[in-house]
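Here is how the chains run, residue by residue.
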Amino acid sequence: MRVAVAGCCHGELDKIYETLALAERRGPGPVDLLLCCGDFQAVRNEADLRCMAVPPKYRHMQTFYRYYSGEKKAPVLTLFIGGNHEASNHLQELPYGGWVAPNIYYLGLAGVVKYRGVRIGGISGIFKSHDYRKGHFECPPYNSSTIRSIYHVRNIEVYKLKQLKQPIDIFLSHDWPRSIYHYGNKKQLLKTKSFFRQEVENNTLGSPAASELLEHLKPTYWFSAHLHVKFAALMQHQAKDKGQTARATKFLALDKCLPHRDFLQILEIEHDPSAPDYLEYDIEWLTILRATDDLINVTGHLWNMPENNGLHARWDYSATEEGMKEVLEKLNHDLKVPCNFSVTAACYDPSKPQTQMQLIHRINPQTTEFCAQLGITDINVRLQKSKEEHHVCGEYEEQDDVESNDSGEDRSEYNTDTSALSSINPDEIMLDEEEEDEDSIVSAHSDMNTPSVEPSDQASEFSASFSDVRILPGSMIVSSDDTVDSTVDREGKPGGTVESGNGEDLTKVSLKRLSDEHEPEQRKKIKRRNQAIYAAVDDDDDAA
């Protein structure tokens, strides 16, 4: 089946779907599934905007609310994970995943589902060591600390995912797995994003938790976003047993949805023709959720996951045949994800803006139904009870502020606290210069066309297979120079076809999405606006 992958969406749903429509008209067929790697921004109203970790003057409604209200419907099944610029109060309603709009499904804090037999997993948020070992204690209304910590990855989600034994086909994360840059064209990456050099050389760029999951899950594909650059890599895993075939992961990171940027890729993914064409729950994942239900923590206290160290009565929460049988019985042997989306908050009305809309900690009926059917805890119900008893949502504000100011090394099993750019390379200063260079070279193909030099020839072939997939919607103007340049690569050769990781031709023409305004000063204005929106909120979260 044809799967489209998008990098940071930044609320630009109309543009992404418009781009897909053009790709379908020019390509071999319709796209079956869209995967979004975070910063989705499912903003329903003005209250949701206040829960998004960006400076207030850059909070814009964008277009998601039209899909939420029913004015529009997603033309293709869309799955997404959360990033670090989200309507966190909306996503918090669905900790185990659920529909944020018809045909648009959120994977939850962590989740695994199936579509046409393809097993898709993901983890939301970005890694920060000082919050990694805390529970999910945040709830609306957020303070200046919790509006950021709400999207920080927790050890409980990683622990659950590490209980998986069955193979994963596709995995999504917002920030990159640490060290993945050593398996692709690192030289070209550093040429494009020179301010990554120190972290790459120190091996501190990316998420150590995601790296741990990559090593454990060994998915066929791993897609990420966050660092706003297209980058491919091929990681060859070692076989555990001599008789086993070594598995490999094809990694691809994509840019944000902006003109002249590599934000979209279409691939051919092998699927089971006999599998249903609707979204299904994953039985192994549901069994793990039931098994780990007692591990739920809604406090800000630091804690460790059970392990085989003599201190815990149980440390293996992987799915058993008996456990999976019990889950199937609870679901009446029906794994279809119900289309039970419902509106839980007032939708934005452009004619009646409500700047003082009250922020409420809501219980979503989808989560209530899911938890009741599976027999697990709704984290938000537990949070509300704790809040009533102990005022838990504000209890750890002072603790967070203190911890955010240190490295957190003694508070996590990981040694560093960088999911992206360090304070040495402030995004709002260094990235401005880099973005200038990128936007001025609109004709250049992505770094995927430059052969990778390490660590293997296989990585080189894989990197080259991810061709440019920048699309031009028909409503946008293309200058004559851009039209000529779009078919020529850095070596002056005609633009190649768009291929998947297995080398299959997906589209006949390499395309671009360019700005409505092709005057340099107008295009520059758009670029600055987006940089400002996603500039550092604080030193912790300086990568958008």
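Residues numbered from 1 in each chain as written. Predicted model: local features only at pLDDT ≥ 70, side-chain atom pairs only at ≥ 80, totals over all residues. Heavy atoms only, no water.

The protein chain carries the name Lariat debranching enzyme in an unreviewed UniProt entry, which gives Macaca nemestrina as its organism. A UniProt comment under Sequence similarities (unreviewed entry) is attached to the protein chain, and it reads "Belongs to the lariat debranching enzyme family." You can read under Subcellular location (unreviewed entry) in the UniProt record for the protein chain the words "Nucleus". (UniProt positions renumbered as here; feature names shortened; annotations may be inferred.)

Asks: Mind laying out the overall build of the protein chain, listing which residues take part and the relevant values?
Replies: Secondary structure assignment for the protein chain yields 20 helices and 15 strands. Looking at the protein chain residue by residue over its 544 residues, the buried ones come to 60%. Pairs at least 24 apart in sequence give 80% of the contacts found in the protein chain among residues at least 6 apart. Working note: accessible area of the protein chain is about 21500 Å², and carbon and sulfur atoms make up 48% of it. (Helix = DSSP H or I, 4+ residues; strand = E, 2+ residues; numbered from the N terminus. Buried < 20%, exposed > 50% of the residue type's maximum accessible area, 1.4 Å probe, protein only. Contact = heavy atoms within 4.5 Å. Areas by Shrake-Rupley, 256 points an atom, 1.4 Å probe, with all protein chains shown as cover.)

Asks: Can you lay out the environment of Val343 for me, pointing to particular residues and giving the numbers?
Replies: Counting through the fold element by element, Val343 comes out in the loop between α12 (321-330) and α13 (365-374). The exposure class assigned to Val343 is exposed, which follows from its relative accessible area of 54%. Considered as a pair, Val343 and Tyr68 are 275 residues apart in the sequence and their alpha carbons are 7.5 Å apart.

Asks: I'd like a description of the sheet that holds strand β5 (residues 104-106), backed by residues and values.
Replies: Taken in spatial order, the 6 strands line up as β4-β5-β3-β2-β1-β12 in an open sheet, and their pairing is mixed. In this open sheet, the two strands that pair with only one neighbour each are β4 (98-101) and β12 (264-268). Along the sheet, successive strands turn relative to each other by an average axial angle of 25°, direction set aside. Taken together, the 3 bridges between strand β3 (residues 78-80) and β5 define a ladder with parallel strand orientation. Directly across from Leu79, in β5, lies its bridge partner Tyr105. (Pairing = 2+ DSSP bridges. Axes fitted to C-alpha atoms, helices over the stretch in contact; angles between N-to-C directions.)

Asks: Got a sec to walk through the packing of aromatic side chains? Specific residues and values, please.
Replies: All chains considered together, the criterion is met by 18 aromatic pairs. A centroid spacing of 6.2 Å and a plane angle of 75° characterise the contact between Phe40 and Phe64, whose relative ring orientation is edge-to-face. On the criterion of sequence distance, the pair formed by Phe40 in the loop between β2 (33-36) and α2 (46-49) and Phe64 in helix α3 (residues 64-69) is long-range, its members being 24 residues apart. Taken as a pair, Phe40 and Phe64 share a single burial class, namely buried. (Phe/Tyr/Trp six-rings, centres within 6.5 Å; stacked < 30°, edge-to-face > 60°.)

Asks: Which residues make up the sheet that holds strand β11 (residues 248-253), and what values do they have?
Replies: Picture the strands of a sheet paired through backbone hydrogen bonds; they go either parallel or antiparallel. Read from one edge to the other, the open sheet built from 7 strands follows the order β10-β11-β9-β8-β7-β6-β13, with strand pairing classed as mixed. The open sheet is flanked by β10 (231-236) and β13 (279-281), the only strands paired with a single partner. Neighbour-to-neighbour, the strand axes of this sheet turn through a mean angle of 25°, independent of strand direction. Note that strand β7 (residues 118-123) and strand β8 (residues 170-173) share 4 bridges and pair parallel. Each residue of the ladder has a partner; that of Ile123, found in β8, is Ser173.

Asks: Please give an account of the pairing of β10 that cites residues and values.
Replies: For β10, a buried count of 5 out of 6 residues is recorded, marking the element as mostly surrounded by other parts of the structure. The sheet contact formed by β10 and β11 spans 6 bridges and is antiparallel. Within β11, the residue paired with Ala232 across the bridge is Leu252.

Asks: So what's going on with the pattern of salt bridges? Which residues, and what values?
Replies: Applying the stated criterion across every chain, the model contains 17 salt bridges. One salt bridge connects Lys134 with Asp131, and the closest N-O pair in it is separated by 2.9 Å. We classify Asp131 as buried; its relative accessible area is 2%. Among the salt bridges present, the one from Asp255 reaches Arg261, with a minimum N-O distance of 2.8 Å. For Arg261, a relative accessible area of 3% puts it in the buried group. Through salt bridges that share partners, Asp14, Arg66 and Lys72 make up one connected network. (Salt bridge = Lys/Arg side-chain N within 4 Å of Asp/Glu carboxyl O.)

Asks: I'd like a description of the side chain of Asp255, backed by residues and values.
Replies: You can see Asp255 is positioned in the loop between β11 and β12. Within the local environment of Asp255, its side chain forms a polar contact with the side chain of Arg261, the two groups lying 2.8 Å apart. (Polar contact = N/O pair within 3.5 Å; in protein donor to acceptor, adjacent residues only side chain to side chain.)

Asks: Summarise the side chain of His174; cite the residues concerned and give the values.
Replies: With respect to the secondary-structure elements, His174 resides in the loop between β8 and α8 (186-192). For His174, a relative accessible area of 0% translates into the label buried. A polar side-chain atom of His174 sits 2.8 Å from the main-chain carbonyl oxygen of Cys37.

Asks: For empty space enclosed by the protein, give the residues involved together with the corresponding values.
Replies: Under the criterion given, the structure shown has 8 cavities of 30 Å³ or more. By volume, the largest cavity amounts to about 280 Å³. If you go around the largest cavity, you meet 23 residues; those closest to its centre are Tyr106, Leu109, His136, Ile150 and Tyr151. Sorting the residues of the lining of the largest cavity by element identifies α4 (88-92) and α14 (379-390) as the ones contributing at least two each. Along the lines of polarity and charge, the residues of the lining of the largest cavity split into 10 nonpolar, 9 polar and 4 charged. (1 Å grid on protein atoms, 1.4 Å probe; cavity = no way out; pocket = protein on both sides within 12 Å on 5 of 7 lines; lining within 4 Å. Points joined across faces, edges and corners; volume = space filled by probe spheres on them. Nonpolar A, V, L, I, M, F, W, Y, C, P; charged D, E, K, R; others polar.)

Asks: Can you tell me about unusual backbone geometry, naming the residues and giving the values?
Replies: Along the chain, Pro140 connects to Pro141 via a cis peptide bond; the corresponding omega equals -5°. Among the secondary structure elements, Pro141 is positioned in the loop between α5 (129-132) and α6 (146-149). Of note in this structure, Ser179 is not a glycine but carries a positive phi near 80°. Within the secondary structure, Ser179 is located in the loop between β8 and α8.

Asks: So what about the pairing of strand β1 (residues 2-6)? Which residues, and what values?
Replies: Of all 5 residues that make up β1, 5 are buried, and the element is covered over most of its length. By the alternation rule, side chains of β1 split into Arg2, Ala4 and Ala6 and Val3 and Val5, which are all buried. One crossover worth recording links β1 to the parallel β2 by way of helix α1 (residues 13-26), and it is right-handed. (Right-handed = clockwise from strand over helix to strand, strands pointing away.)

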